[in-house]
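A closer look at the structure
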Amino acid sequence: MSDERWVWGTGLATVTDSGTVLDTWFPTPTHGRIPGGYDPAKATENLDHLAVPDERRGVTVELVTLEIDLDAAPNGTSDAYLRLHALSHRLVRPNELNLDGVFGHLPNVAWTNAGPMHPDDATRLRPFLLRDGIQVQGLDKFPRLLDYVTPEGVRIADASRVRLGAYLSPGTTVMHEGFVNFNAGTLGASMVEGRISQGVVVGDGSDIGGGASIMGTLSGGGTHKVSIGARTLLGANAGIGISLGDDCVVEAGLYVTAGSKIVLADQPARPDGGRPTVKGGDLSGRDGVLLRRNSVTGAIEALVRQGVGVTLNEALHA
């Protein structure tokens, strides 16, 4: 097996007094196996002073060195965190590593401005946390991306809207109402003002409009991983449950799923005056498609678009 399907790193794990691993931060995850003769004690001198107890949160911070096979399922909390780091450090793209069972290895954590702690300890120690100015900012299995990784060449307006495990390419802008889940993200410079769900990838030069939503596969959906091609626009408050190819446009406010009935508006009319109709799934992944709602009939229509799609403002994505 190629070493490129392995990732290793040395990091800091936050562990409760009862032994529960809450998180692990890997500053510099690297492709390959742990080098022969590697001595963590010598290689982590800049981390040693951080590997200490924090009585305020009821935790101890410990040094961890780990290597993972990206094709194998996660087998622990630190393993799961190294996978999320590999995504956010752009070592591997979304859907190109095994995350089977990852939720079972991620405990629910009280995320504070002083670091993670167990929810029970947050309740028990609340008076002391208030005294020390420590605030609980969230209760979740996944932390904020920017608490662990600062992706180069990216703008994120609200740190709480992007989870660790998001893959953001240089030139990407995530505005205040944009959201990017783990194992999802952008493959080029993109504008994100809507929601990119788990498993979804967005191509170079595409724009996810304000309030727009892209179906993931975590809750109630099928197994199809939705993708959006290059130079494609998903209009404000629109949504899709199918993939879009390059140079497509979905009209603002229009939601298209695999089962949506869509009229091929630029096809020749049938003898009865109607036009051919297909399901949304039949158009999944097609390039150069305009999807809109007929303002008179209310029908969803598809037309072939000519030329290239949207053009992003270069100054915003430099």
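Residues numbered from 1 in each chain as written. Predicted model: local features only at pLDDT ≥ 70, side-chain atom pairs only at ≥ 80, totals over all residues. Heavy atoms only, no water.

1. Regarding the environment of Ala72
Selection rule: For the purposes of this entry, the term helix denotes a DSSP run of H or I that reaches at least four residues, the term strand denotes a run of E that reaches at least two, and both are numbered from the N terminus. Here the term buried applies to any residue with accessible area under 20% of the maximum for its type, exposed to any over 50%, and partly exposed to those in between, with areas from a 1.4 Å probe on protein chains only. Only heavy atoms matter for contacts: two residues are in contact if any of them lie within 4.5 Å across the pair.
Relative to the elements of secondary structure, Ala72 occurs in the loop between β5 (59-69) and α3 (77-88). For Ala72, a relative accessible area of 31% puts it in the partly exposed group. The sequence separation of Ala72 and Tyr148 amounts to 76 residues, and the corresponding C-alpha distance is 24 Å. Not counting residues within four places of it along the chain, the set of residues in contact with Ala72 comprises Arg83 and Asn98.

2. Side note on the pattern of salt bridges
Rules: When a carboxyl oxygen of Asp or Glu is within 4 Å of a side-chain nitrogen of Lys or Arg, the pair counts as a salt bridge.
Under the counting rule described, the total for this entry stands at twelve salt bridges. Here Arg57 makes a salt bridge to Asp54, at a shortest N to O gap of 3.0 Å. A salt bridge links Asp79 to Arg83; its shortest N-O distance comes to 2.5 Å. In this pair, Asp79 and Arg83 both sit in helix α3, four residues apart, roughly one turn of the helix. Judged by relative accessible area, Asp79 falls into the buried class, the value being 6%. For Arg83, a relative accessible area of 1% gives the class buried. The network of salt bridges with shared partners includes Asp54, Arg56 and Arg57.

3. Here's the deal with the layout of surface pockets
Picture a little ball the size of a water molecule; that probe, rolled over the atoms, points out where space is still empty. Selection criterion: Only protein atoms enter the 1 Å grid, on which a cavity is a set of points fitting a 1.4 Å probe that cannot get out and a pocket is an open set with protein on both sides within 12 Å along at least 5 of 7 lines, lining residues being those with an atom within 4 Å of a point. Grid points are joined across faces, edges and corners, and a volume is the space filled by probe spheres set on the points. Residues are sorted three ways: Asp, Glu, Lys and Arg are charged, Ala, Val, Leu, Ile, Met, Phe, Trp, Tyr, Cys and Pro are nonpolar, and all the rest, Gly among them, are polar.
In this structure, the largest pocket spans a volume of roughly 350 Å³. Thr14, Asp23, Gly115, Pro116 and Asp147 are, among the 18 residues lining the largest pocket, the residues nearest its centre. In terms of residue class, the lining of the largest pocket is built from nine nonpolar, five polar and four charged. Estimated volume of the second largest pocket: approximately 240 Å³.

4. Comments concerning α3
To be explicit about the condition: Here, expected helix span is obtained from the residue count minus one, scaled by 1.5 Å.
Relative to the 16 Å expected for twelve residues at 1.5 Å per residue, α3 spans 17 Å between its end C-alpha atoms, a close match to the ideal helical length. Counting buried positions along α3 yields twelve of twelve residues, so the element is predominantly enclosed. As for α3, its buried residues are in contact with β1 (6-16), β2 (21-25), β5, β6 (109-112) and β10 (166-167). Just downstream of α3 lies Arg90, where phi reads positive at about 65 degrees.

5. Some remarks on the UniProt feature "binding site: Mg(2+)" (unreviewed entry) in the chain
In plain terms, the rule: UniProt positions are given in the numbering used here, feature names are shortened, and annotations may be inferred rather than shown by experiment.
In this numbering, the UniProt entry assigns the feature "binding site: Mg(2+)" (unreviewed entry) to Glu177. You can see Glu177 is positioned in the loop between β11 (173-174) and β12 (179-180). What Glu177 contacts, discounting residues up to four positions off in sequence, is Arg161, Glu193 and Gly194.

6. Brief notes about the pairing of strand β24 (residues 261-264)
In the case of a regular strand, side chains alternate between the two sheet surfaces. Operational definition: We call two strands paired when DSSP finds no fewer than two bridges between them.
By the alternation rule, side chains of β24 split into Ile262 and Leu264, which are all buried, and Lys261 and Val263, of which none is buried. As judged from the three bridges shared by β24 and strand β25 (residues 277-279), these two strands associate in the antiparallel manner. What sits directly across from Val263, in β25, is Thr277. In terms of strand pairing, β24 meets strand β27 (residues 300-304) through three bridges, oriented parallel. Within β27, the residue paired with Val263 across the bridge is Glu301.

7. Looking at the packing of aromatic side chains
Aromatic rings in a pair are described by how distant their centres are and how their planes are angled relative to each other. We count it as follows: Pairing of aromatic rings covers Phe, Tyr and Trp, the last counted by its six-membered ring, and requires centre-to-centre distances within 6.5 Å; plane angles under 30 degrees mean stacked, over 60 mean edge-to-face, and any other angle means tilted.
By the definition in use, this model includes five aromatic pairs. Where Trp8 meets Tyr38, the ring centres are 4.9 Å apart and the plane angle is 75 degrees; that geometry is what we call edge-to-face. Residue Trp8 is found in strand β1, and its partner Tyr38 is found in the loop between β3 (30-31) and α1 (40-43); the two are separated by 30 residues along the sequence. Taking the relative accessible area as the measure of exposure, Trp8 reaches 12% and is therefore buried. A relative accessible area of 23% places Tyr38 in the partly exposed class. Ring geometry for Phe142 against Phe182: centres 4.4 Å apart, planes inclined by 20 degrees, an arrangement best described as stacked.

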